[in-house]
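Topology and contacts: notes
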Amino acid sequence: MAQKLTGLKIRARRKELGLTQADLARHAGISAPYLNLIEGNRRPVGAALLKRISAELNVDVAQLDGGAERRLVQALEELAADPRFADPNSTRGNAEDLVGRHPGWSELILGLFRAYEDQRQAVLALADRLNHDPFLGENVHQMLTNATSLSSAAEILAGGSLSEKEQRRFGAIVQSDVARLSATARALLGFFDSAEMRVRSATPSEHVDAFILQENNHFPTLEALAKDYLQAPSRDGFRDVSPMTDAPDDTPETQRFALAKRTARRIGSEAVGEIVHGHSALPSEDSRRLAEAAIYSYLAGAILMPYEPFLEAAERHRYDIDALCRRFGVSYEQAAHRLATLRRPGAEGVQLAFMRSDVSGHVTKRLPLPGLPLPRYTTACSLWAIYSAFQTPGITVRQYGELPSGDRFLFFARAVDKMPARIGYPRKLLSVMMACPANEVGRVVYGDGLDLEKAAVSIGTVCRLCRREDCGYRQEEQLIAGPALSDKRRMSDANHS
Amino acid sequence: MSSNRILVVEDEPNIVESLRFILERVNYDVESVSNGLTALEQMRKQAFSAVVLDIMLPGMNGLDVLRTMREDSRLSKLPVIVLTAKGQAQDRKAAEETGANAFITKPYSNAEVVKQVEKFARR
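Residues numbered from 1 in each chain as written. Chains lettered and ligands numbered in written order. Predicted model: local features only at pLDDT ≥ 70, side-chain atom pairs only at ≥ 80, totals over all residues. Heavy atoms only, no water.

**Examining the overall build of chain A**
A count of helices and strands for chain A gives 19 helices and 8 strands. Going through the 497 residues of chain A one by one, you find that 45% of them count as buried. Partitioning the contacts of chain A with sequence separation of at least 6, the portion at a separation of at least 24 is 65%. Here chain A has roughly 25,300 Å² of accessible surface; of this, 54% comes from carbon and sulfur atoms. (Helix = DSSP H or I, 4+ residues; strand = E, 2+ residues; numbered from the N terminus. Buried < 20%, exposed > 50% of the residue type's maximum accessible area, 1.4 Å probe, protein only. Contact = heavy atoms within 4.5 Å. Areas by Shrake-Rupley, 256 points an atom, 1.4 Å probe, with all protein chains shown as cover.)

Dropping the structure here:
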């Protein structure tokens, strides 16, 4: 590639200087046809000759040997491979030509892409914050608190019959509340000024994500369907079918799930179609197809782990996922995901968030809880159990964490193998994390033995939105400055004690 | 348990100061704390005639404090006036179900706070 670029660079520089091929060839001590072959990338150019040519063209050898361009080509190829853009096949192999012939335009394209990507990250991070992050809630709460204090102090002042000292005291309170109210309002104004707010879900998988959230990950018609199926006297139950032979490497749990999914497809097509078609969160055929696949898996889960017995067992075993795996013959991830669907009004299980990530931090499934935002576009706080679980695959790790908002949650996570081990390949691990609010900790086995007053670890949500200033795990700068609410309160307590 | 003492559980110092002033003016003694755990400690140490309790507290929130109180035979009858910036019906319902005697939405009028304290406090 370097040689190819070198030829093009020589030609570009020669033309820039207004030299003919014959001129340059003569000065470099080669024939004009040979130079023509070099410039056309049909002959390699040796180091000594390149040195002579670069001297004639009055440039550094480094400028001709293509190192910088190689980096440009790699960057453009990476850009072209981005699934958000056109078919990568349409641009395959063209990056070298583009860089060789039009380095300025290539830089411009990359510059535009970087600017676009920066803007996109900012918009997505702010969208995450708008949707889930406690920033707005905190600030609105702060404004209401200041307004309360202000109105109460103003009432006292207006009531009269105050000593001079009292007048000064409440006058000072009014002034300090006005200052704080203004500061909060300015912070909010800056927040709204800093980015475009309307962000649409762009990809089919993002549509499905929105669809599942909108339905609160609970589908009553599918639950009823699974129940009817299991109670029907004539059912040809998946338990009677031999393990599938077309996936002999899969674990028995995966094979059972595949069989249950096959049953789900057979009995559920009408119900699934009714749920998916016309759903406002699923505007495209691709998104509906993906959503169908997701809720067939849901139905398969409901067949293998029927709602009432599963809820009863979950309560009895205090949400011990391993105990549920043994009882229902399912995998850790299947049981964990099913726990997050126990949201039937009037018969709810413990409120559980669910998040699944691969080793690179790509979030592949998420179900947040009120007060516990789970990032959609970026990696979460690196202190979260979902990442430490990768350090001990197969073993559940737990963490009692306090978010910057002051809300506390119990997290428990385990990294599980997603495919059989293969020589020469890394293990394919996914980390499955669940979380419950502090007031539910006593109901789950994972909270046993924790001293809730001492065990809380300060964690964040995502770096760019986290306001903990002294965090040694920070990877990115925060978008909006200011201490976390929980830290602020700690400081305030320290000042008043 | 009867006394003139009111416990204010609120983490915003300016609000505490105003509440202290308006309640002292109608002859209550006011004790204040800024978090839920200290509040429970104080309630177990001293007799209060009522508690004015903010919901949004650091760490243990006001509803958890209230729940703990209602499960503790010594505190289960102590009147609690809840203050909150969240004024939606479900927030009011949650507070009432947990055992709040009164529910006041911020910003409030001082007269309303005094009225509710007078109504429930056991002098």
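**A closer look at the packing of helix α16 (residues 321-328) of chain A against helix α17 (residues 332-339) of chain A**
All names here are of chain A. Where α16 contacts α17, the axes come no closer than 9 Å and their chain directions differ by 105°. Looking at the two axes, α16 sits roughly perpendicular to α17. Listed contacts from α17 to Ile321, Asp322, Leu324 and Cys325 of α16 are Tyr332, Ala335, Ala336 and Leu339. In terms of residue class, the contact of α16 with α17 is built from 7 nonpolar, no polar and 1 charged. (Axes fitted to C-alpha atoms, helices over the stretch in contact; angles between N-to-C directions. Parallel < 35°, antiparallel > 145°, perpendicular 65-115°, else oblique. Nonpolar A, V, L, I, M, F, W, Y, C, P; charged D, E, K, R; others polar.)

**A few points about the pairing of strand β3 (residues 50-54) of chain B**
Each regular strand shows side chains that alternate between the opposite faces of the sheet. Residues and elements named next belong to chain B. Within β3, 5 of the 5 residues are buried, which leaves the element mostly enclosed by the surrounding structure. Burial along β3 is two-sided: the residues Ala50, Val52 and Asp54 and Val51 and Leu53 are all buried. Both β3 and strand β4 (residues 80-84) contribute to a ladder of 4 bridges, which runs parallel. Looking at the pairing, Val51 lines up with Val80 of β4. (Pairing = 2+ DSSP bridges.)

**Focus: the interface of chain B and chain A**
In this complex, chain B contributes 26 residues to the contact, which on the side of chain A involves 30 residues. The contact between chain B and chain A buries some 2,200 Å² in all, and 53% of this surface belongs to carbon and sulfur atoms. Interface area lost by chain B to chain A is led by Asn14, Glu17 and Phe21 of chain B, which between them contribute 23%. Linking chain B to chain A there are 2 salt bridges. Put simply, Glu12 of chain B and Arg180 of chain A hold a salt bridge, and the shortest N to O gap is 2.8 Å. (Buried area = accessible area lost by both parts, 1.4 Å probe. Salt bridge = Lys/Arg side-chain N within 4 Å of Asp/Glu carboxyl O.)

**Some points on the pattern of salt bridges**
All names here are of chain A. Scanning the entire structure with this criterion turns up 31 salt bridges over all chains. Residue Glu315 pairs with Arg443 through a salt bridge whose shortest N-O separation is 2.6 Å. Here the residue Glu315 occupies a position in helix α15 (residues 307-316), and Arg443 occupies one in the loop between β7 (429-437) and β8 (457-458), the gap between them amounting to 128 residues. Of the residues examined, Glu315 reaches a relative accessible area of 33% and is grouped as partly exposed. Residue classification places Arg443 among the partly exposed positions, given a relative accessible area of 33%. A salt bridge links Asp322 to Arg414; its shortest N-O distance comes to 2.7 Å. Linking Asp322 in helix α16 with Arg414 in strand β6 (residues 408-417), this pair joins segments that are 92 residues apart in sequence. The exposure class of Arg414 is buried, given its relative accessible area of 11%. Taken together, the shared-partner salt bridges in this structure form one network comprising Arg11, Arg14 and Glu39.

**Points about the packing of aromatic side chains**
Two aromatic rings are characterised by how far apart their centres lie and by the angle between their planes. All names here are of chain A. By the definition in use, this model includes 7 aromatic pairs over all chains. With a centroid separation of 5.1 Å and 85° between ring planes, the pair formed by Phe219 and Tyr298 is classed as edge-to-face. Placement of Phe219 in the loop between α11 (204-214) and α12 (220-231) and of Tyr298 in helix α14 (residues 285-304) is noted, with a sequence separation of 79 residues between them. The class of Phe219 is buried, set by a relative accessible area of 2%. Note on Tyr298: relative accessible area 5%, which makes it buried. (Phe/Tyr/Trp six-rings, centres within 6.5 Å; stacked < 30°, edge-to-face > 60°.)

**With respect to the sheet that holds β7 of chain A**
Residues and elements named next belong to chain A. The 6 strands are arranged β4-β3-β7-β6-β5-β8 in an open sheet whose pairing can be described as mixed. Each end of this open sheet is capped by a strand with a single partner; those strands are β4 (363-367) and β8. Direction of pairing for β6 relative to β7: antiparallel, over a ladder of 9 bridges. Bridging from a neighbouring strand, Arg414 pairs with Val432 of β7. Across the sheet, α17 is in contact with β3 (353-358), β4, β6 and β7; its angle to β7 comes to roughly 30°.

**As for the side chain of Thr98 of chain B**
If you trace the backbone, Thr98 of chain B turns up in helix α4 (residues 89-98). The residues touching Thr98 of chain B, leaving out its near neighbours within four places in the chain, are Leu63, Leu66, Arg67 and Arg70 of chain B.

Purely spatial values, then, with no claim about function.
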